[in-house]
Amino acid sequence: MKKNNILLIILLIVGISGFIVTDFIIKPTQEEQRDKYQLEQQDALTHDFKDFMEYKDKYMGNASNIINLNYWLPLGNIPRSNEINSDEFEYIINYKETVWGIGEDKVKVDLIYNATANFALIDNLQSITFNFTGDSYSIERIDVQKWYEVNLDDLLDQSVWKNKVQNRLGDKNYVDKFWETNFSTNK
């Protein structure tokens, strides 16, 4: 009987210890890693593009595909509405925020990243308009294609994406030059 009590106490201590380790060490670490990953997905410099190959599509008319793609790209956390102009093969995103409220530098970097991702993943998409409260910017597939000097499908290779798109976005001069060359402002 005494051995059974000792065994029961040992099992109880092991169980409580396991519970404490799981709830106070392992779970918080996993939640921190998940939160860190989600935060990284809202920054073009740390966004994990390879996870979004599932959104590759020949046609922009697949509304749920293009909307979901942009939900997972940087600026995806900003409330917005979406429009598809199928006559012009244009995707329009209407953000319910100002550029100033988000940050001009962040918007510039993220729009370059997002436009490039959209054109690389959606084959017949020809232009994108990004509307913000008070500001509007448009970009054309042909200009992005010229800028990178490669077929946009080639950018889908992870190492090419990192080298030709993502790594360059940390250079303000590069971002400003891309912006001046490729985006048009619509007021």
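Our structure's up above, just so we're on the same page.
Peer 1: Got a sec to walk through a nonpolar patch on the surface? Specific residues and values, please.
Peer 2: Among the surface-exposed residues, I6, I10 and V14 lie close enough to one another that they form a single nonpolar patch of about 270 Å² accessible area. On the secondary structure map, I6 appears in helix 1 (residues 2–40). Judged by its relative accessible area of 47%, I6 is partly exposed.

Peer 1: Tell me about the packing of helix 4 (residues 104–121) against helix 5 (residues 141–148), and name the residues and values.
Peer 2: For the pair helix 4 and helix 5, the least separation of the axes is 10 Å and the interaxial angle reads 100 degrees. Considered as vectors, helix 4 and helix 5 are oriented roughly perpendicular to each other. Side by side, helix 4 and helix 5 meet where I112, T116 and F119 of the first sit next to R141, V144 and Y148 of the second. Class assignment of the residues belonging to the contact of helix 4 with helix 5 gives a composition of four nonpolar, one polar and one charged.

Peer 1: Residues and numbers for the pairing of strand 3 (residues 127–132), please.
Peer 2: Among the six residues in strand 3, six count as buried, and that is most of the element. Going residue by residue along strand 3, you find S127, T129 and N131 tucked away on one face and I128, F130 and F132 tucked away on the opposite face as well. Bridge count for strand 2 (residues 90–95) against strand 3 is five bridges, and the pairing is parallel. Following the sheet pairing, N94 is matched in strand 3 by N131.

Peer 1: For the sheet that holds strand 2, give the residues involved together with the corresponding values.
Peer 2: The sheet built from five strands is open, its strands ordered 1-2-3-4-5 with mixed pairing. With one partner strand each, in any of the chains shown, strand 1 (80–85) and strand 5 (183–185) form the two edges of the open sheet. In this sheet, adjacent strand axes meet at a mean angle of 20 degrees when their direction is disregarded. Against the sheet, helix 4 contacts strand 2, strand 3, strand 4 (135–140) and strand 5, and its axis sits at roughly 150 degrees relative to strand 3.

Peer 1: Tell me what's going on with the pairing of strand 2, and back it up with residues and numbers.
Peer 2: Here strand 2 lies mainly inside the structure; six of its six residues are buried. Side chains E90, I92 and N94 of strand 2 all project onto a buried face; the interleaved residues Y91, I93 and Y95 project onto the opposite face, where all are buried too. As paired elements, strand 1 and strand 2 share six bridges and run antiparallel to each other. Looking across to strand 2, one finds that E83 is bridged to I92.

About the criteria used
- Residues numbered from 1 in each chain as written.
- Predicted model: local features only at pLDDT ≥ 70, side-chain atom pairs only at ≥ 80, totals over all residues.
- Heavy atoms only, no water.
- Patch = residues over 30% accessible without salt bridge, like charges linked within 9 Å, V, L, I, M, F, W, Y side chains within 5 Å.
- Areas by Shrake-Rupley, 256 points an atom, 1.4 Å probe, with all protein chains shown as cover.
- Salt bridge = Lys/Arg side-chain N within 4 Å of Asp/Glu carboxyl O.
- Helix = DSSP H or I, 4+ residues; strand = E, 2+ residues; numbered from the N terminus.
- Buried < 20%, exposed > 50% of the residue type's maximum accessible area, 1.4 Å probe, protein only.
- Axes fitted to C-alpha atoms, helices over the stretch in contact; angles between N-to-C directions.
- Parallel < 35°, antiparallel > 145°, perpendicular 65-115°, else oblique.
- Contact = heavy atoms within 4.5 Å.
- Nonpolar A, V, L, I, M, F, W, Y, C, P; charged D, E, K, R; others polar.
- Pairing = 2+ DSSP bridges.

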